Amino acid sequence: MARPIWKGSITFGLVAVPVGLFSATHAHEVSFHQYEKGTTDRIRNKRVNERTGDEVDYDDIVKGTDVGGGKLVLLDQEELDSVAPGRSRGLEIHRFVDLAEIDPVHYQKTYYLAPGSDETMKTYALLRDAMQDANRAAIGTLVMRSKEYLAAIRADGDLLVLQTMFFADEVRNPKKELDRIPGKAKAKPAELAMAAQLIDSMSGPWQPAEYRDTYTDRVNKLIKAKKKGKEVAVAPEVAEPTNVTDLLEVLRRSVEAASSGKKAAVPPKKTATSTSPKKKAPGSSSPKKAAGPAKAKKATAKKATAKKATGKKTPAKKAPAKKATGAARKAS
């Protein structure tokens, strides 16, 4: 069984519920080491004293901050722990809020909260059920690993789940960070209706087991292929941006694909108008490839009609030209 990474008590009013904190997630990406290119020499990171060049043991490292004027303030872990709020291992609840009011951008990492002991199971279950019935989340603070966290606690089935959160000043303002932010869309009613239809046709229940980290799968296949000396298949390129003039048509095709159960409900790679010969306007010049054969047929037609026209009053150039044009069209 896993060991709790934090132990303490949830406190609200005069009620205290001992709990243990367990990580609810784990990463599954491929673990890589660093090597010098062209060699099998491993690259290792070391903690080195920049003045002496000597490696320093982790236990001999303290934290420090520059306070100006060339002066430093150095603090060891015991000193940091002595001023940490909630040193008594308390997770104090400040307020209960509606779950829908929390912007997901504030969520950081998820943990399971387990009852601290068999004796506190009833109190734990009481808090869980009361929060679930009210559809509320408890907002509180705790100190873990020398850092204070804002936290949201919510009921999830038989358990209480804690999610650490970013404080308000840790969330960046998009208006200050982004170069461009779209205003109100100037879409046509037909485009909005088609977009709504597409969303409806692609809607369904949230089933997380249906989704998989395909990038990690491809990395593992790459490793196996290189191990066996095989060539690696190149992944398909990302679709190009949809041309605004083709938006309604692309939406329509997407709705049809989604309704028929096809996986590819995205626009094709190239949505811009094509410059193929078939779509050229009437009167435009023929493709270069057809020019050579057309001219040859036209010249042959002229020679043949010239022989037939000997002794006749009417010039034989106009009528054969039409025939030659027809031949040229057949050739093209």
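Above: the structure in question.
So, here is what we can say about the structure in this document.

With respect to the sheet that holds strand E7 (residues 90–98)
Backbone-to-backbone hydrogen bonds pair the strands of a sheet. The strands run either parallel or antiparallel.
In step 1: Spatially, 7 strands are ordered E1-E2-E8-E11-E10-E9-E7 in a closed barrel, and the strand pairing comes out mixed. If you compare each strand with its neighbour and ignore which way they point, the axes differ by 40° on average.
In step 2: Note: strand E8 (residues 107–115) against strand E11 (residues 159–165), 6 bridges, orientation antiparallel. Within E11, the residue paired with Thr110 across the bridge is Gln163.

Re the pairing of strand E1 (residues 6–12)
In step 1: When E1 meets strand E2 (residues 15–23), the two strands line up antiparallel, connected through 7 bridges. Pairing of Lys7 across the sheet is with Gly20, part of E2.
In step 2: Counted along the chain from E1 to the antiparallel partner E2, the turn is 2 residues long, and its residue Gly13 has a positive phi close to 65°.
In step 3: One ladder, built from 3 bridges, connects E1 with E7; its direction is parallel. Following the sheet pairing, Ser9 is matched in E7 by Gly90.

Re the pattern of salt bridges
In step 1: Per the stated rule, a full pass over the model turns up 7 salt bridges.
In step 2: As a salt-bridge pair, Asp98 and Arg136 come within 3.8 Å of each other at their nearest N and O atoms. Taken as a pair, Asp98 in strand E7 and Arg136 in strand E9 (residues 136–144) lie far apart in primary sequence, 38 residues in all.
In step 3: Note on Asp98: relative accessible area 25%, which makes it partly exposed.
In step 4: Assessed through its relative accessible area of 33%, Arg136 is described here as partly exposed.

Details of a nonpolar patch on the surface
In step 1: Taken together, Val62, Leu72 and Leu74 make up a surface patch of nonpolar side chains, about 310 Å² in accessible area.
In step 2: Here Leu72 shows up in strand E6 (residues 71–75).
In step 3: Since its relative accessible area comes to 60%, Leu72 is described here as exposed.

Conventions adopted
- Residues numbered from 1 in each chain as written.
- Predicted model: local features only at pLDDT ≥ 70, side-chain atom pairs only at ≥ 80, totals over all residues.
- Heavy atoms only, no water.
- Pairing = 2+ DSSP bridges.
- Helix = DSSP H or I, 4+ residues; strand = E, 2+ residues; numbered from the N terminus.
- Axes fitted to C-alpha atoms, helices over the stretch in contact; angles between N-to-C directions.
- Salt bridge = Lys/Arg side-chain N within 4 Å of Asp/Glu carboxyl O.
- Buried < 20%, exposed > 50% of the residue type's maximum accessible area, 1.4 Å probe, protein only.
- Patch = residues over 30% accessible without salt bridge, like charges linked within 9 Å, V, L, I, M, F, W, Y side chains within 5 Å.
- Areas by Shrake-Rupley, 256 points an atom, 1.4 Å probe, with all protein chains shown as cover.

By themselves, these figures tell us nothing about what the structure is for.
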